[in-house]
Amino acid sequence: MIEIQNLTRIYGTTAVVKDVSLTVETGQIAALVGTSGSGKTTLLRMINRLVEPSAGRVLIDGKDTAEIEPHLLRRQIGYAIQGHGLFPHRTVAQNISTVPRLLGWTQDQHRARVDELLELFQMEPADFRDRMPHELSGGQQQRVGVARALAARPDLLLMDEPFGALDPVIRAKAQQDLRDIQRQLGTTLIIVTHDMEEAVTLGDRIAVMDKGELLQYGPPSEILTTPATSFVSDLIGTGDRPFRLLSLTPVAEIIAEGQAEGAEIPREASLRDALAECLWSGRDRLPVEGGGIVTLDSLRAQAAPTARAAE
Amino acid sequence: MAFRISRTGLLFALIGLAGLALPFVQFKPNRIVPGEGLRLFDALSLPLGWMIGLVLGAVLIAGCLERWPARLRLTVALLSVIAVTLALGAAATQLTPPDNTLARVSPSSGFWLLLLAFALMLADAQSRITLGLPIRLAMLIGAMVLIAVILGSGVLDGVSVMREYAARSDLFAREAAGHLVLAFGSLGLALLIGLPLGVAIYESPAMRRPVLGILNILQTIPSLALFGIMIPIFGWIAANIPGAAQAGVAGIGLFPALVALFLYSLLPVVSNTLTGLIGVNPATREAAAGLGMTRPQILVQVLIPLALPVLLAAIRIVLVQNIGLAVIAGLIGGGGFGTFVFQGLNQTAMDLVLLGALPTIALALVAGIALDLLVEATGGAPKGGQA
């Protein structure tokens, strides 16, 4: 569990982060969202003390991070950034094994770990181990960057716009993969993004920041249905709101009794996918794999914030 | 099939043919008086001079044609350089009367122009072939071995410069060592002080302007003026501070020369260190810190390896600059090849000046090429690695 308590950072006379407090439960993903200059990156960098807080403290599993030497603290926390920051003069394997080697793992241990991670990220170890970073595609570089951050099996992973440099198609895949790997490893993840879509896709909790202040911190459905301020609703974008809301819930949750014609959709598909399928095929009800149906009416009800509030 | 004229070939031919027309050697009754100029055709005994002259002329004219393969051009140019050098040796041997130790045969304008023409042709041909690093390294070593073999074989022993050498071979070895101490010693000192200084001003940007400003001013002081300033200062220190003179501090000699070269070296070392470090992608540095490397680890494992090509470029600049500048040390008794240059100038003995100048040039060339190869070996491969 990560507890951020009254964290403040002042540069000169301006506070770039003002008295922010929030808690991230173990194994959850928290997305810090905001425009540039909102203080979200500074907040992230105070967690691993790349920036020292002016006031306040960070507790990781109850232990105050200020009591640990910064470089030793950082070796316990995974860190991945935009543009991946791979060392261009080191091979993929050397890059990934950076933290294990700093921690003094034996050669056998970190070699095995490199291969394990490459397989986890669907890169054939024999093929990729000895490549230099410039011999990889953008998506591969990004995956190696995340693999490097995970190398020493940290319980906490910090990511600053990790998908910022990827094109939309690869980005969607990378987000999905990250989500899967995070679930599999049970890592607590704090991710900084300026993209509300990404925050909604990945976050169990979303923290919206503006001008150094935390405006709202809650699950995506709450952010979407009851934005705390006009800034938060602007950030969500009113046009896409119903679709984002639908994308949060799987079909399985609103299955009704009944029969319907046509192709089935999977239980784990989102309501958004179901709505799209209804509109595209001109049907008002869809059969769900394993029995039951979803109706257009129920989808419509789920897309409105009033329905959520009543739950 | 059109015979196109190569413009560079034409230039080389004009230089070389002028060389054939001008005196190849100077024959002097002794080492100081001006001598009588002899063309290549006249300098060598009858059939040999004409044969070599005509062949060289033919090569120069044929070199004007565009259609030569670069490798053939390279071989022919190399053989011609050797032929011109050997012709000089032969002319010296033939012209010097037996048992006459005073007479001197010196290379003259014709020899230098011919050598220049074929050296240019060689360089031109070499630049047209893309050769791998190992081959170019082998070529550099081969050239050095070739020069050593020619000098060692004694064919040039009759030439005036070699006569000067023969009279001073012990001294030559000493001054050569002195020259190397000056050039490499000042480089070593500059690296010892300049690298940490470069790292320091990288870490604290506020210090960049003042430090680089001072080094820039140092760089603009003419070397003679710098000696002028240092002689009284170091003289005073040596006389008044106990232990200083024992430690080598002196107004003239090796110490001020080394200090002057060191001061001139600081700016390139410091500014290239800074440039190299600034050139490292900020994301790379950020990642290194974020992964838990300590500051020294970031410097040693990430920043310096990535800045290495720029650092080596600085070493190249400084080494070549200092090999040349070290000649000036001869003026204040600092040793090195400059000793011969200034002795020669005082005695109006140009052969002695050459004895100092030629090895200096050769040393600078070898150092420059060797370091170019090294820069390429370290920096050439991972280009484009940083997004």
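Calculation notes
Residues numbered from 1 in each chain as written. Chains lettered and ligands numbered in written order. Predicted model: local features only at pLDDT ≥ 70, side-chain atom pairs only at ≥ 80, totals over all residues. Heavy atoms only, no water. UniProt positions renumbered as here; feature names shortened; annotations may be inferred. Domains from an automatic or database assignment. Contact = heavy atoms within 4.5 Å. Buried area = accessible area lost by both parts, 1.4 Å probe. Salt bridge = Lys/Arg side-chain N within 4 Å of Asp/Glu carboxyl O. Pairing = 2+ DSSP bridges. Helix = DSSP H or I, 4+ residues; strand = E, 2+ residues; numbered from the N terminus. Axes fitted to C-alpha atoms, helices over the stretch in contact; angles between N-to-C directions. Patch = residues over 30% accessible without salt bridge, like charges linked within 9 Å, V, L, I, M, F, W, Y side chains within 5 Å. Areas by Shrake-Rupley, 256 points an atom, 1.4 Å probe, with all protein chains shown as cover. Buried < 20%, exposed > 50% of the residue type's maximum accessible area, 1.4 Å probe, protein only. Parallel < 35°, antiparallel > 145°, perpendicular 65-115°, else oblique. Left-handed = near helix turned anticlockwise from the far one by under 90°. Nonpolar A, V, L, I, M, F, W, Y, C, P; charged D, E, K, R; others polar. Expected span 1.5 Å × (residues − 1). Arc of directions from axis to C-beta. Polar contact = N/O pair within 3.5 Å; in protein donor to acceptor, adjacent residues only side chain to side chain.

Going by what an unreviewed UniProt entry lists, chain B is known as ABC transporter permease and is assigned to Paracoccus alkanivorans. Reading the Sequence similarities (unreviewed entry) entry of the UniProt record for chain B gives the comment "Belongs to the binding-protein-dependent transport system permease family." For the record of chain B, the UniProt heading Subcellular location (unreviewed entry) holds the text "Cell membrane".

The name recorded for chain A in an unreviewed UniProt entry is ABC transporter ATP-binding protein, from Paracoccus alkanivorans. Word for word, the UniProt comment on chain A under Sequence similarities (unreviewed entry) is "Belongs to the ABC transporter superfamily."

Asker: Just give me the short version of the domain arrangement of chain A, but keep the residues and values in it.
Answerer: Residue and element names in this part refer to chain A. Domain boundaries in chain A define domain 1 (2-236) and domain 2 (243-310). On a C-alpha basis, the centres of domain 1 and domain 2 stand 33 Å from each other. On the domain 2 side, the residues contacting the 9 residues of domain 1 number 7 residues. In this assembly, domain 1 packs against domain 2 so that about 630 Å² is buried in total across both faces, 65% of it on carbon and sulfur atoms. Contact with domain 2 buries area across many residues of domain 1, yet Glu-197, Leu-224 and Thr-225 alone supply 59% of it, more than any other trio. Across the domain 1-domain 2 interface, the total number found is 2 salt bridges.

Asker: So, the sheet that holds strand β8 (residues 188-193) of chain A: which residues are in play, and what are the values?
Answerer: Across a sheet, paired strands are connected by hydrogen bonds in the backbone, their directions being either parallel or antiparallel. All names here are of chain A. With respect to topology, 6 strands assemble into an open sheet ordered β6-β7-β8-β3-β9-β10, the strand pairing being mixed. In this open sheet, the two edge strands, each paired with only one partner strand, are β6 (77-81) and β10 (213-218). Going across the sheet, the axis of each strand differs from the next one's by a mean of 15 degrees, ignoring polarity. As paired strands, β6 and strand β7 (residues 156-160) are joined by 5 bridges and run parallel to one another. Looking across to β7, one finds that Ala-80 is bridged to Met-159. Sitting on the sheet, helix α8 (residues 168-185) touches β3 (29-33), β7 and β8, and the angle it makes with β8 is about 155 degrees.

Asker: Would you mind going over a nonpolar patch on the surface in detail, with residue names and values included?
Answerer: Residues and elements named next belong to chain B. Together, Trp-112, Leu-358, Ile-361, Leu-365 and Ile-369 give the surface a local cluster of nonpolar side chains, amounting to about 430 Å² of exposed area. In terms of residue count, helix α15 (residues 350-379) provides more of the nonpolar patch than any other element does, 4 residues in total. One can find Leu-358 in helix α15. Of the residues examined, Leu-358 reaches a relative accessible area of 33% and is grouped as partly exposed.

Asker: Before we move on, could you go through the packing of helix α10 (residues 223-240) of chain B against helix α11 (residues 254-278) of chain B and cite the residues and values that matter?
Answerer: All names here are of chain B. At their nearest, the axes of α10 and α11 sit 10 Å apart, and the two run at 130 degrees to each other. As judged from the angle between their axes, α10 and α11 are oblique. Pair α10 / α11 crosses with right-handed handedness. Note on element contacts: α11 touches α10 through Phe-255, Pro-256, Ala-257, Val-259, Ala-260, Leu-263 and Tyr-264, opposite Ser-223, Leu-226, Phe-227, Met-230 and Phe-234. Considering only residue class, the contact of α10 with α11 consists of 11 nonpolar, 1 polar and no charged.

Asker: Give me the lowdown on the environment of Pro-219 of chain A, citing residues and values where you can.
Answerer: With respect to the helices and strands, the residue Pro-219 of chain A is situated in the loop between β10 and α10 (220-225). Distance in space between the C-alpha atoms of Pro-219 of chain A and Ile-206 of chain A is 5.9 Å, their sequence separation being 13 residues.

Asker: Break down helix α3 (residues 46-62) of chain B for me, citing the residues and quoting the values.
Answerer: Each α-helix winds once per 3.6 residues, and so residues spaced three or four apart point in a common direction. Residues and elements named next belong to chain B. Compared with an ideal rise of 1.5 Å per residue, which puts 17 residues at 24 Å, α3 spans 24 Å between its outermost C-alpha atoms and is within 8% of the ideal. Listing the buried residues of α3 in full gives Gly-49, Ile-52, Gly-53, Leu-56, Gly-57, Val-59 and Leu-60. Within α3, the buried residues cover an arc of 160 degrees as seen down the axis, which keeps them to one side. Turned more than 90 degrees off the buried face of α3, the exposed positions are Leu-46, Pro-47, Met-51, Leu-54, Val-55 and Ile-61. Buried residues belonging to α3 abut α1 (7-21), α2 (40-43), α4 (70-95) and α5 (109-128).

Asker: Describe the domain arrangement of chain B, naming the residues involved and giving the relevant values.
Answerer: All names here are of chain B. The domain boundaries assigned to chain B delineate domain 1 (7-167) and domain 2 (169-379). The C-alpha-based centres of domain 1 and domain 2 are spaced at 34 Å. With 18 residues of domain 1 at the interface, the matching set in domain 2 holds 16 residues. Between domain 1 and domain 2 we count 2 salt bridges in total. The salt bridge involving Asp-351 is made with Lys-28; its shortest N-O contact spans 3.4 Å. The interface formed by domain 1 and domain 2 contains 5 residue pairs in polar contact (both at pLDDT 80 or more). Every element with two or more residues in the side of domain 1 that touches domain 2 is listed here: β3 (104-107), α6 (133-153) and α7 (160-167). Considering every element that reaches the side of domain 1 that touches domain 2, the biggest residue donor is α7, with 6 residues.

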